[in-house]
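# Fold and contact review
For reference, the chains in residue letters:
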Amino acid sequence: MEAGPRDTTHSRPEPLTADGPAQDEGDGLEPPAEPPQEVEVELRPQRRLRLWQLAPIVGLAATGSLMFAFPLAFGTGDGGAVIAMLGLLISFCAAGWGMMAARRVGHTWPGLPARGSGGRPDWRVVLAYAVVVAALVVLAVWRVDRLR
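Since this is a predicted model, take the numbers as computed values, not measurements. (Residues numbered from 1 in each chain as written. Predicted model: local features only at pLDDT ≥ 70, side-chain atom pairs only at ≥ 80, totals over all residues. Heavy atoms only, no water.)

So, about the packing of aromatic side chains. Taken as a whole and judged by the stated rule, the model has one aromatic pair. On the basis of an interplanar angle of 70° and a centroid distance of 4.9 Å, the ring pair of Trp109 and Tyr129 is categorised as edge-to-face. With Trp109 in the loop between helix 2 (80-104) and helix 3 (123-146) and Tyr129 in helix 3, this pair connects stretches of sequence that are 20 residues apart. (Phe/Tyr/Trp six-rings, centres within 6.5 Å; stacked < 30°, edge-to-face > 60°. Helix = DSSP H or I, 4+ residues; strand = E, 2+ residues; numbered from the N terminus.)

Following this line, the structure appears as structure tokens:
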């Protein structure tokens, strides 16, 4: 086989791009069937509960639970029931505050759809949460009532 000079009269040089030779539509190569998938990447940092949000919630919850637990455990006189109910109220306020703070940063209860997803909660999960909360309230009121 002899190597001869190339015939460059009919071929044109291919323009170059950053990632190789440019492809013209008439070069015999078929374009891809579908465009490449774009990947979305969230550039914002993940929203988390910060220390300044958690500290008052934890402080109120600890204060309320201690106010609720000590009169119930040691039965300190006539004012024990009042202090226990006040502690229960403070504990519930801290729990509500914590739930609202968690919801603001995008957390949700297990079994419930994410906020803004358009999904409907399952009635069995909602019923289970309602039964648990009702049982806790009944037990707390029953225990405070036994102090009298």
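On we go from here.
A cluster of basic side chains, namely Arg47, Arg103, Arg104 and Arg115, defines a positive patch on the protein surface. Topologically, Arg47 is positioned in the loop between strand 2 (20-21) and helix 1 (51-74). (Patch = residues over 30% accessible without salt bridge, like charges linked within 9 Å, V, L, I, M, F, W, Y side chains within 5 Å. Areas by Shrake-Rupley, 256 points an atom, 1.4 Å probe, with all protein chains shown as cover. Salt bridge = Lys/Arg side-chain N within 4 Å of Asp/Glu carboxyl O. Lys, Arg positive; Asp, Glu negative; His and termini not counted. Charge placed at Lys NZ, Arg CZ, Asp CG, Glu CD.)

We now examine the UniProt feature "transmembrane region" (unreviewed entry) in the protein. The UniProt record annotates "transmembrane region" (unreviewed entry) at residues 54-74, 80-102 and 123-142. End-to-end, the C-alpha atoms of residues 80-102 are 33 Å apart, and along that stretch the chain is 100% helix and 0% strand. Taken end to end, residues 123-142 comprises 100% helix and 0% strand; its first and last C-alpha atoms sit 28 Å apart. (UniProt positions renumbered as here; feature names shortened; annotations may be inferred.)

All right, on to a nonpolar patch on the surface then. A contiguous nonpolar patch, built from Met85, Phe92, Val133, Val137 and Val141 and spanning about 400 Å² of accessible area, is present on the exposed surface. Mapped onto the nonpolar patch, the elements with two or more residues apiece are helix 2 and helix 3. Per-element accounting of the nonpolar patch gives the leading share, three residues, to helix 3. Tracing the chain through its elements places Phe92 in helix 2. Owing to a relative accessible area of 45%, Phe92 belongs among the partly exposed residues under this scheme. (Buried < 20%, exposed > 50% of the residue type's maximum accessible area, 1.4 Å probe, protein only.)

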